Amino acid sequence: MAAVTREDRAEGHLAGLERNVLTTTVERMLAWARSSSVWPVQFGLACCAIEMIATTTSKFDIARFGMEAFRASPRQSDLMIVAGRVSQKMAPVLRHIYDQMLEPKWVLSMGDCASCGGVYNNYALVQGVDKIVPVDVYVAGCPPRPEALLYGLMKLQEKIRERARQGGSR
Ligand code: SF4
């Protein structure tokens, strides 16, 4: 058996360290945890909400992204998925719920109606939910399929992690 010197051992330990030690920043760790456990507030407004609900079923499995915990309270939520058209009457309620959510928080506009009024170009509907709340991700479609919503959620995850890389929390 070949002799093992102290230097050999030290080199072996260092090689092991390189394989087994990970370095990062607290901000990146937080962003990774946040982006992997975004909890949406229950907020379905119209037909798009049916597709959002379908996203939680086993076929599409939103739980893979840690986002299956739709909360009934805005105080336990950090994502508002605006799924469907927003009427003028609903607008102040939507804003109120958004204000009750804790920071950091995000908004995803799901479907053409939520993003720009869609086919409802009339006075009864808000022509884009970004007139009421800041929107982070828009998902196009009428309605968008669950896969499109999942893609939008992955884009949101990227955004959360990217902002942490740039030094921001939101
Ligand atoms: S985008 Fe289409 S499916 Fe979604 S709320 Fe509007 S009309 Fe309904």
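Scroll up to find the structure.
A. Seen up close, the site of the ligand. Neighbouring residues of the ligand: A46, C47, C48, G84, R85, G111, D112, C113, G118, C142 and P143. For the shell around the ligand, the class distribution of residues is 6 nonpolar, 3 polar and 2 charged.

B. Layout of the nonpolar core. M80, I81, V82, A83, L108 and M110 are the most contacted members of the largest nonpolar core, which has 36 residues in total. Looking at this core, the elements with two or more residues in it are α3 (48-55), β2 (79-83), α4 (91-100), β3 (106-110), α5 (112-116), β4 (137-139) and α6 (146-165). Sequence-distant contacts of I81, defined by excluding residues within four places in its chain, comprise P40, F43, M52, L108 and M110.

C. Spotlight on unusual backbone geometry. With an omega of -5°, the peptide bond running from E103 to P104 counts as cis. Mapped onto the elements, P104 comes out in the loop between α4 and β3. P143 follows C142 through a cis peptide bond whose omega is -10°. Of note, P143 is situated in the loop between β4 and α6. Phi angles above zero are rare outside glycine, and D61 is one such case at about 60°.

Thresholds, definitions, all that
Residues numbered from 1 in each chain as written. Predicted model: local features only at pLDDT ≥ 70, side-chain atom pairs only at ≥ 80, totals over all residues. Near = placed C-beta within 6 Å. Nonpolar A, V, L, I, M, F, W, Y, C, P; charged D, E, K, R; others polar. Core = buried A, V, L, I, M, F, W, Y, C linked by C-beta atoms within 7 Å. Buried ≥ 20, exposed ≤ 12 C-beta atoms within 10 Å, placed from the backbone. Helix = DSSP H or I, 4+ residues; strand = E, 2+ residues; numbered from the N terminus. Contact = placed C-beta atoms within 7 Å.

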